[in-house]
Amino acid sequence: MPCCTPLGLPRGIAFSLMSLLLMSLMACGMLQTVSTSKPSEPSTNRPSEYNTPSASNTGSQTVYDPVKREWITVQTRPNERLDTVRWKENMQPAPIKGGSSSSSASNNTPSTVPGTVPGSVPRPPNSNPGPNVTPGPSSNPSNNSRPTYTPPIRFNNQPEYELAVLLPFLAGTYLSPESSDNVVAEWAMQYYSGMKLALEQLGQEGMRLKVTVMDTKADTNEVYRLLRRPELNRAQLLIGPYKRDNIRILAEYAKRSNKPMISPYSAVGSLTRDNPNYIQFNPSLESHCRALLKDALTEFRPEDVIFVARNIPAEQTCLEFLRKANRERGFNSIREIQVPAEDKNFTSVNLRSYLQGKSQVALIIPSWADETFIFYFLRAVRNAKVSGQQVVVYGMPQWMEYEQMELELYEQCKVRISQVSFLDDQSPELLSFRRAFYQAYGTIPAPEAVAGYDHTLYYGRLLGSYGLGFVNRLESSPGLGLHTRFEFSPITSAPSVVPGSEQYGNVQRFENRYVHILEFANSQFRPLRRY
């Protein structure tokens with residue numbers, strides 16, 4: 001079986017894409033300026049063949065390796081395993097296991113990315129890059145219907161906007177295939193490659209964007225240095241970075257300079273305060289908990305819902321998120337099961353007594369760090385329920401990544417989990433994007449490339465419609481992408497009530513709060529409901 005990268009791409013293919021982009025970025029340093037006002041002509045020197053992954057969850061496929069110049073067979077993985085939010089016990093995601101890389105790499109000076117000519121973005125040859133991710137009111141299709149995509153907007157006589165993209169390409173740095181920095185660089189390459197296809201699409205629609213790309217090198221010192229560059233100071237919209245410390249630095253700069261900032265990766269909601277310019281695309285842990293409860297209450301009465309949490313800080317924090325969401329809905333207190341932290345085998349609770357006399361029960365357990373505990377919990381659920389009783393267990397995104405779990409337990413307990421994104425292999429729009437990506441770069445896209453494409457089309461079209469004040473339109477402008485919906489809400493601090501008037505808290509950030517609910521059935525996780 002070919003070895004795969006942590007992103008799920010076969011290592012040879014992932015390195016092909018990274019090598020192509022890194023070599024060009026290193027050619028003249030690490031800064032480039034791209035304009036979408038004059039798109040380049042289609043390229044015709046790519047292989048015309050393209051194989052899309054099958055709809056099955058496992059198997060192999062044949063793809064063209066542009067480095068070896070031959071067709072190779074690679075192992076595929078389930079396309080449902082996307083962008084899983086990884087939380088530690090202290091509630092902080094940990095995408096990078098090691099420390100920051102050295103800041104001694106080459107300076108950020110103009111360069112050209114493969115597939116581009118100076119002043120242009122590569123145009124996908126003979127293809128439509130994908131769906132039209134247009135913000136605005138959308139229909140609510142039934143569970144069995146396919147979501148519809150709004151036609152693109154024509155932006156005529158628009159002013160030119162300057163964007164700065166700060167991502168950890170780590171050019172000029174040796175990256176071991178197994179290193180955490182290699183994972184970071186792969187993410188940046190894939191995300192930016194998807195961005196470029198969206199920038200080309202926006203250019204065809206009449207948007208005039210001047211894009212400056214900078215390498216943060218996953219290093220705080222480098223980010224501070226980039227803040228002094230005139231290109232960044234001129235930028236009107238900021239995109240990136242990746243690491244939490246770097247996000248904090250750029251977020252404070254965006255707050256002081258009153259510039260909108262797109263945070264494409266982090267799901268942590270505490271990286272900046274009182275910052276209405278901060279736009280977080282990945283839902284926070286609280287949004288996941290809220291989504292689980294919202295879904296449960298669409299089918300179950302509040303008295304048929306039970307919260308289950310161990311006596312550890314992370315799960316108790318999630319439990320408070322669930323309580324808060326329940327209070328906001330105005331329901332009475334929901335039953336809770338508190339499990340001692342030392343109970344690894346879930347033996348201290350008589351679960352049958354909680355299920356007795358109920359025709360249906362929903363159990364929400366915001367736990368992810370201990371696969372063994374989840375195994376014993378699910379086994380206890382299976383043993384406690386009686387024939388004809390509907391019992392559904394709601395869990396967290398990491399459950400998709402468990403390696404030792406008996407999948408029969410997922411099926412028997414009707415497991416549902418929250419998830420940031422989902423790719424539908426049957427979607428014509430997704431297949432079109434994959435063809436365009438392959439024709440542009442000679443490799444198949446990772447989920448990060450899809451996110452880069454969706455994010456860029458969404459905020460790019462808002463920018464074209466409303467100008468730099470588009471942040472104020474986020475809440476009223478839902479959008480539909482290939483991997484998720486965009487439903488932004490202002491996250492505010494706690495309101496303070498003054499006698500005779502109510503003062504609402506300050507806007508801390510804008511966050512996309514849409515979360516998929518996936519259900520395990522027929523040996524795979526699939527969306528329970530269509531958008």
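Above this text is the structure in question.
Residues numbered from 1 in each chain as written. Predicted model: local features only at pLDDT ≥ 70, side-chain atom pairs only at ≥ 80, totals over all residues. Heavy atoms only, no water.

## Quick word on the pattern of salt bridges
For side chains of opposite charge, pairing can occur when their charged atoms come near one another. Scanning all chains against the criterion turns up 24 salt bridges. The closest approach of N and O atoms between Lys324 and Glu286, which form a salt bridge, is 3.2 Å. Here Glu286 lies in helix H6 (residues 285–299) and Lys324 lies in helix H7 (residues 313–328), a separation of 38 residues in the sequence. Take Lys324: its relative accessible area is 35%, and that puts it in the partly exposed class. (Salt bridge = Lys/Arg side-chain N within 4 Å of Asp/Glu carboxyl O. Helix = DSSP H or I, 4+ residues; strand = E, 2+ residues; numbered from the N terminus. Buried < 20%, exposed > 50% of the residue type's maximum accessible area, 1.4 Å probe, protein only.)

## Examining the packing of aromatic side chains
Inspection of every chain in the model, using the stated rule, returns 21 aromatic pairs. A ring pair is formed by Phe375 and Tyr376, whose centres lie 5.2 Å apart and whose planes are at 75 degrees; its orientation type is edge-to-face. Among the aromatic side chains, those forming a connected cluster through ring pairs are Phe281, Tyr458, Tyr459, Phe486 and Phe488. A cation over a ring is seen here: Arg310 above Phe373, with NZ or CZ 4.4 Å from the ring centre. (Phe/Tyr/Trp six-rings, centres within 6.5 Å; stacked < 30°, edge-to-face > 60°. Lys NZ or Arg CZ within 6 Å of the ring centre and 35° of its normal.)

## Considering the packing of helix H2 (residues 180–204) against helix H11 (residues 428–441)
Axis angle and axis distance: for two packed helices, these are the angle between their axes and the distance between the axes, and together they describe the pair. Running from N to C, H2 and H11 cross one another at 105 degrees; their axes reach a closest spacing of 11 Å. One element, H2, and the other, H11, form an angle in the roughly perpendicular class. Each of Gln190, Ser193, Gly194, Lys196 and Leu197 in H2 lies in contact with H11, whose residues at this interface are Phe433, Ala436, Phe437, Ala440 and Tyr441. In terms of residue class, the contact of H2 with H11 is built from six nonpolar, three polar and one charged. (Axes fitted to C-alpha atoms, helices over the stretch in contact; angles between N-to-C directions. Parallel < 35°, antiparallel > 145°, perpendicular 65-115°, else oblique. Contact = heavy atoms within 4.5 Å. Nonpolar A, V, L, I, M, F, W, Y, C, P; charged D, E, K, R; others polar.)

## Focus on helix H5 (residues 244–257)
Owing to its 3.6 residues per turn, the α-helix aligns residues three or four sequence positions apart on the same side. With 14 residues, H5 extends 20 Å between its outermost C-alpha atoms, agreeing within 8% with the 20 Å of an ideal straight helix rising 1.5 Å per residue. Three or more residues of H5 are buried, namely Asn246, Ile247, Ile249, Leu250, Ala251, Tyr253 and Ala254. Taken together, the buried residues of H5 touch strand S4 (161–167), helix H3 (220–226), helix H4 (230–234), strand S6 (237–239), strand S7 (261–263) and strand S8 (278–280). In the stretch just after H5, Asn258 is the one whose phi turns positive, near 60 degrees. (Expected span 1.5 Å × (residues − 1).)

Bear in mind that shape data such as this cannot, by itself, settle questions of function.
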